[in-house]
Amino acid sequence: MGEDRFVSNVPRVTEALIERFNRTVDHCAWLMPSVKPICLFLIDVQQKILAYRNFGLEMVSHLQSGCDWPIVRSYWPEAAVKEWDTEHGKLAIVSLRPDLEDFSEYIRLTYQMTALETSAFDLSRFNGKDMLMHLLHRSDYARRLNIVPKAFVEYMSGVFKKDAALYVYNELAERYDFLLSSNDGGHTDWKSLSFTENDVLHLAGGKWMANIFLGKRDAGADHRCLLFPLYGGQRVFALLLLNMPEAPNDPVVVRHLKEIIDEFSKLMHEIQNYLYSIKIGRRYQQLYTVTKKFHSTMNDRDVLDEVLKTIEGLYGHCDIQLLFTDDSIDWVDGDPEALQAYLNGRVQVHHAENAVHLYAPLAGRQGVYGVIKISTDRRDAFSKDDREFIQLLASTAGHAFENAKLYQQSQRSIADLRLINKMSQQLNAIMRFNDTVDYLIKEIQDHFSVEELGFFTISPNQSPVIYPKCTPFFHTGEGLKLVNRVMEKLIEDQEGLFLGDVHAENWLNIPYRSLIALPLITKDSFLGLIVAVHREPYHFSFDEFRLLQSIVRHSTLAITNARLREELERQVNTDQLTGLFARDYLNKKVELSLKTDLRGVMILIDIDNFKIINDTHGHAVGDEILIHVANIIKQNVRKTDIAARWGGEELAVYLPNCTVEQGRAIAERIVTSVRKSTVPRVTISCGLSFWRQRDFQGGGRDLFLKADQALYRAKEQGKNQLYIYH
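What you are looking at is a predicted structure, and each value in this text was computed from that prediction instead of being measured.

**Student:** For this particular structure, what's the right way to read the overall build of the chain?
**Tutor:** Scanning the chain from N- to C-terminus turns up 19 helices and 25 strands. Looking at the chain residue by residue over its 726 residues, the buried ones come to 47%. Summed over all atoms, the accessible surface of the chain reaches about 37,200 Å², with 49% contributed by carbon and sulfur.

**Student:** What am I meant to see in the packing of aromatic side chains here?
**Tutor:** Scanning the model with the defined rule gives 23 aromatic pairs in all. Centre to centre, the rings of Phe473 and Tyr512 are 4.9 Å apart; their planes meet at 65 degrees, and the pair counts as edge-to-face. With Phe473 in the loop between β17 (464–466) and α13 (477–492) and Tyr512 in the loop between β18 (497–499) and β19 (514–522), this residue pair connects regions lying 39 residues apart in the sequence. When the ring of Phe542 is compared with that of Phe545, the centres are 5.6 Å apart and the planes differ by 40 degrees; the resulting orientation is tilted. Residue Phe542 and its partner Phe545 are located together in helix α14 (residues 542–573), separated by three residues, close to a single helical turn. For Phe542, a relative accessible area of 41% puts it in the partly exposed group. For Arg563, the ring lying beneath its charged end belongs to Phe433, and the centroid distance is 5.4 Å. Taking NZ or CZ as reference, Arg583 lies 3.5 Å from the ring centre of Trp646, over its face.

**Student:** Before we go on, may I ask you to explain the pattern of salt bridges in this structure?
**Tutor:** Oppositely charged side chains can pair when the atoms bearing their charge come close. Scanning the model with the defined rule gives 23 salt bridges in all. Ionic pairing is found between Glu306 and Lys293, a salt bridge with its closest N-O pair at 3.8 Å. Of the two residues, Glu306 is situated in helix α9 (residues 300–314) and Lys293 in helix α8 (residues 251–294); the sequence distance between them amounts to 13 residues. With a relative accessible area of 15%, Glu306 lands in the buried category. Ionic pairing is found between Arg692 and Asp695, a salt bridge with its closest N-O pair at 3.0 Å. Since its relative accessible area comes to 30%, Arg692 is described here as partly exposed. Salt bridges sharing common partners tie together Arg73, Glu83 and Lys90.

**Student:** Looking at this structure, I do not really get the sheet that holds β19. What am I missing?
**Tutor:** In any sheet, the strands associate via hydrogen bonds between backbone groups, in a parallel or an antiparallel arrangement. Spatial strand order, β17-β16-β20-β19-β18: five strands in an open sheet with antiparallel pairing. If you trace the sheet from one side to the other, it starts and ends with β17 and β18, each paired once. Direction aside, the axes of adjacent strands within the sheet are offset by 20 degrees on average. Bridge count for β18 against β19 is three bridges, and the pairing is antiparallel. When the bridges of β19 are listed, Phe498 appears paired with Ile516. Seen against the sheet, α13 touches β16 (452–458), β17, β18, β19 and β20 (525–534) and runs at an angle of roughly 125 degrees to β20. Those strands touched by α14 are β16, β18, β19 and β20, and its axis lies near 35 degrees from that of β19.

**Student:** Got a minute to help me understand the pairing of strand β13 (residues 348–351) in this structure?
**Tutor:** In regular strands, side chains alternate between the two faces of the sheet. Pairing analysis gives four bridges linking β13 to strand β14 (residues 356–363), with the strands arranged antiparallel. When the sheet's bridge partners are listed, Gln348 is paired in β14 with Tyr359. Between β13 and β14, which pair antiparallel one after the other, the connecting turn spans four residues.

**Student:** How should I be thinking about the packing of α9 against helix α11 (residues 384–429) in this particular structure?
**Tutor:** Axis angle and axis distance: for two packed helices, these are the angle between their axes and the distance between the axes, and together they describe the pair. Their axes nearest at 8 Å, the elements α9 and α11 cross at an angle of 165 degrees. Considered as vectors, α9 and α11 are oriented roughly antiparallel to each other. As α9 runs across α11, the sense of the crossing is right-handed. For the pair formed by α9 and α11, the contact residues are Asp300, Val303, Leu304, Val307, Thr310, Ile311 and Leu314 on the first element and Phe389, Leu393, Ala397, Ala400, Phe401, Ala404, Lys405 and Gln408 on the second. By residue class, the composition of the contact of α9 with α11 is 11 nonpolar, two polar and two charged.

**Student:** How do you make sense of the pairing of β19 when you look at a structure like this?
**Tutor:** The buried fraction of β19 is high, at seven of nine residues. With nine bridges connecting them, β19 and β20 associate as antiparallel partners. Following the sheet pairing, Pro519 is matched in β20 by Leu529.

**Student:** It is not clear to me how helix α17 (residues 619–636) should be interpreted in this structure. Could you clarify?
**Tutor:** Along an α-helix, residues three or four positions apart point the same way, because every turn accommodates 3.6 residues. In a regular helix each residue adds 1.5 Å, so 18 residues correspond to 26 Å; α17 covers 26 Å between its end C-alpha atoms and thus fits that length. On its buried face, α17 sits against β21 (599–607), α16 (610–617), β22 (642–647), β23 (650–656) and α18 (660–677).

**Student:** Teacher, can you tell me more about the environment of Arg664 here?
**Tutor:** Position of Arg664 relative to the elements: it lies in helix α18. Given the relative accessible area of 36%, Arg664 is considered partly exposed. Measuring from C-alpha to C-alpha, the distance between Arg664 and Leu722 comes to 7.9 Å, with 58 residues separating the pair along the chain. If near-sequence neighbours (up to four positions away) are discounted, Arg664 is found in contact with Leu688, Leu722 and Ile724.

**Student:** Would you explain the environment of Glu451 in this entry?
**Tutor:** Relative to the helices and strands, Glu451 resides in the loop between α12 (433–448) and β16. Between the alpha carbons of Glu451 and Ser514 there is a distance of 9.8 Å; along the sequence they are 63 residues apart. Discounting residues that sit within four places of it in the chain, Glu451 has contacts with Tyr512, Val533, His534 and Arg535. A distance of 2.8 Å separates polar atoms of two side chains, one belonging to Glu451 and the other to Arg535.

**Student:** Looking at this model, I keep getting lost on the side chain of Ser95. Mind explaining?
**Tutor:** Of note, Ser95 is situated in strand β5 (residues 89–95). A polar side-chain atom of Ser95 sits 3.3 Å from the main-chain carbonyl oxygen of Pro37. At a separation of 2.9 Å, a polar atom in the side chain of Ser95 contacts the main-chain amide nitrogen of Arg97. Residues in contact with Ser95, not counting those within four places in the same chain, are Val35, Pro37, Ile38, Ala79, Ala80 and Leu100.

**Student:** How should I be thinking about the nonpolar core in this particular structure?
**Tutor:** If you look at the biggest cluster of nonpolar residues, it comprises 53 residues, and the most contacted ones within it are Phe455, Leu482, Val486, Leu515 and Leu529. Elements represented by at least two residues in this core include exactly α11, α12, β16, α13, β18, β19, β20 and α14. If one sorts the elements of this core by residue count, α14 sits on top with eight residues. For Leu515, the contacting residues outside a window of four places in its chain are Leu482, Val486, Leu497, Phe498, Leu499, Val502, Leu508, Val531, Ala532, Val533 and Phe540. In terms of nonpolar packing, the next biggest core, distinct from the first, is built from 31 residues, Val601, Leu626, Ile670 and Cys686 among them.

**Student:** Honestly, the packing of α11 against α12 in this entry has me stumped. Any pointers?
**Tutor:** One way to put it is that α11 packs onto α12 with a least axis distance of 10 Å and a crossing angle of 160 degrees. Between α11 and α12, the angle is such that the two are roughly antiparallel. Taken as a pair, α11 and α12 cross one another with a handedness that is right-handed. Across the interface between the two elements, Leu419, Lys422, Met423, Gln426 and Leu427 from α11 touch Thr436, Tyr439, Leu440, Glu443 and His447 from α12. Along the lines of polarity and charge, the residues of the contact of α11 with α12 split into five nonpolar, three polar and two charged.

**Student:** Whenever I open this one, the confidence of the model for the chain confuses me. Can you help?
**Tutor:** The predicted coordinates ought not to be read in detail in places where the model reports low pLDDT. For the chain, the average pLDDT comes to 83, and 89% of its residues sit at 70 or higher. Note on residues 216–221: pLDDT under 50 across the span, and eight contacts to partners over four residues away in sequence or across chains.

**Student:** How should I be thinking about the sheet that holds strand β24 (residues 684–692) in this particular structure?
**Tutor:** Reading across the sheet, the five strands line up as β22-β23-β21-β24-β25 and stay open at both edges, with mixed pairing between neighbours. Two strands bound the open sheet, and with one partner strand each, they are β22 and β25 (722–724). Neighbour-to-neighbour, the strand axes of the sheet open up by a mean angle of 20 degrees, direction not taken into account. Pairing between β21 and β24: nine bridges, direction antiparallel. Residue pairing across strands places Met602 opposite Ser689, the latter belonging to β24. Strands β21, β22, β23, β24 and β25 of the sheet are contacted by helix α19 (residues 700–716), whose axis makes an angle of about 145 degrees with β24.

Rules of the game
- Residues numbered from 1 in each chain as written.
- Predicted model: local features only at pLDDT ≥ 70, side-chain atom pairs only at ≥ 80, totals over all residues.
- Heavy atoms only, no water.
- Helix = DSSP H or I, 4+ residues; strand = E, 2+ residues; numbered from the N terminus.
- Buried < 20%, exposed > 50% of the residue type's maximum accessible area, 1.4 Å probe, protein only.
- Areas by Shrake-Rupley, 256 points an atom, 1.4 Å probe, with all protein chains shown as cover.
- Phe/Tyr/Trp six-rings, centres within 6.5 Å; stacked < 30°, edge-to-face > 60°.
- Lys NZ or Arg CZ within 6 Å of the ring centre and 35° of its normal.
- Salt bridge = Lys/Arg side-chain N within 4 Å of Asp/Glu carboxyl O.
- Pairing = 2+ DSSP bridges.
- Axes fitted to C-alpha atoms, helices over the stretch in contact; angles between N-to-C directions.
- Contact = heavy atoms within 4.5 Å.
- Parallel < 35°, antiparallel > 145°, perpendicular 65-115°, else oblique.
- Left-handed = near helix turned anticlockwise from the far one by under 90°.
- Nonpolar A, V, L, I, M, F, W, Y, C, P; charged D, E, K, R; others polar.
- Expected span 1.5 Å × (residues − 1).
- Polar contact = N/O pair within 3.5 Å; in protein donor to acceptor, adjacent residues only side chain to side chain.
- Core = buried A, V, L, I, M, F, W, Y, C linked by side-chain atoms within 4.5 Å.
- pLDDT = per-residue confidence, 0-100.

Structure, rendered in structure tokens:
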């Protein structure tokens with residue numbers, strides 16, 4: 001135990017005090033490991049130290065015989081010190097632990113009790129009532145009832161100067177197992193012994209005391225001891241073994257001994273019942289507390305955390321696992337008992353070779369959601385009370401977990417409906433196809449944590465056309481190959497494709513594990529598809545798949561409307577013969593450019609002698625000439641430029657943010673190309689006007705008039721040329 005002792009050179013008159021002090025500490029020695037480091041002092045009336053017993057406290061080596069207690073006390077300025085007066089001086093305790101109150105009170109009571117004791121116990125002086133009073137003193141007058149068994153065993157050992165041990169009945173193992181002994185390091189290996197009910201019946205035969213044989217103590221020597229069955233009602237609930245080969249012969253001692261055994265049996269049985277009721281009360285208090293916490297939260301993870309915390313508090317020596325059937329926690333392979341508990345909804349206990357496993361189902365009204373697995377290497381674990389309590393706790397947790405799940409599902413449903421409603425309103429408010437698709441892609445990326453997302457429309461030849469703002473993977477050959485394979489599946493099953501682990505499918509070989517693919521369908525038309533992937537398997541839940549499916553269905557109508565609207569606008573703004581923009585569209589763009597740009601160029605184009613072409617070759621050839629010239633213009637202008645049919649054989653091109661030199665180059669290129677490539681051969685005349693923000697005061701009409709005047713000059717000077725208005 002790491003103990004230091006010191007006894008000063010004192011007169012013989014104080015030897016009894018020192019013996020009493022040592023006997024007090026010996027009685028309490030079993031508590032020392034739990035309160036170390038600590039030192040106990042015996043001090044006389046002159047404040048001199050007579051003796052001390054040290055258990056791990058430093059600096060005691062500095063003490064000398066007869067040291068003054070006030071000086072010694074100053075060695076530990078930060079320590080807690082408890083001292084009280086006795087009839088011959090005082091006792092003191094020094095400890096680095098602040099919680100000395102209960103222990104010091106126990107020392108004080110024990111010291112008082114040793115005044116009643118002699119150096120050797122005399123059983124004839126103690127009856128059952130004295131023994132009970134002694135035990136109550138040792139238990140701090142019922143405040144520490146759990147130490148009564150230890151005190152009784154030490155009492156019996158002190159009376160007979162022999163080792164004693166106590167065994168209690170283990171209902172789960174159906175035997176009497178070792179609880180404690182007066183001397184754990186004695187000659188008898190009490191811990192290795194156990195007794196069944198049949199053993200007790202055979203050995204004691206209903207007697208209150210029996211002399212039994214335990215085998216060989218030493219080679220060639222019988223080992224016998226006394227066995228005392230302790231009755232609670234009609235049943236033996238504990239056994240007291242005393243390491244004595246023969247029973248006492250003195251009838252007074254025997255009578256007192258039987259009285260002591262009977263009284264202790266009653267006390268021990270009541271204490272067991274009391275402690276059991278306290279244990280059950282505390283458990284159900286914990287159940288009440290945790291139930292309040294269950295019903296104060298609607299988070300399923302908080303419910304599980306409270307279950308684990310409660311079980312760990314009660315069964316801290318056990319290993320605890322949660323086995324679930326949802327997307328995130330799988331069943332442990334090869335655990336049929338867990339499956340059995342899940343299927344029948346009852347607690348299962350399985351005794352394996354080196355462990356005992358308890359399985360408690362988390363059951364609600366609508367089903368079983370998982371199983372709590374508690375494992376320990378203690379063979380006597382999980383009594384009937386344990387199983388009933390864990391069953392009740394798991395059932396309460398199952399109902400709370402179910403309520404939390406249902407609440408969370410309702411909240412998710414509300415959030416999903418809000419998201420669908422918000423997106424539907426926003427999509428229907430957006431007029432342009434590209435804006436609609438951009439918004440849809442952004443919302444999917446924000447709400448579904450996809451790693452790669454692809455949006456595809458279907459071309460007239462039924463091949464997928466990638467949207468430019470798709471994520472990088474779908475712009476690769478591997479991504480396009482995936483889309484083609486997925487599209488084949490979606491044409492067969494237009495409900496969509498949901499794969500938790502792509503690698504389990506033989507027809508796909510990509511670096512991603514989770515996949516959702518949904519078609520864009522209106523009536524019987526397959527308009528396109530959306531594909532979302534992630535590297536982690538089972539990243540997307542089925543609820544997310546259903547939500548995305550609803551969003552895509554609502555979005556399909558908005559996308560279709562946007563495309564129809566743009567097609568209608570295109571038809572309104574486009575000349576049907578040449579494919580160039582209409583004159584009204586050109587006028588709007590010019591007016592907008594005058595407000596927002598820094599400069600611009602207007603080119604008016606007229607096909608020379610076009611009436612002769614119509615009269616000579618017919619209007620069909622004239623139309624072909626117009627189409628050919630329009631195509632030449634398209635080939636020579638930028639995407640931001642606006643080429644339009646001005647009227648009849650007159651065409652116009654507006655070049656926003658273009659200089660005069662750039663406009664001249666484009667116009668001359670067009671003039672040259674028309675002259676060289678038309679059949680029958682025709683030429684064109686061009687008039688060019690321009691504006692700059694710093695010096696132009698007019699509007700679009702002024703710009704057109706200047707270009708028209710320049711065109712007139714080109715015609716006047718011989719046609720087949722460009723004239724710039726200055």
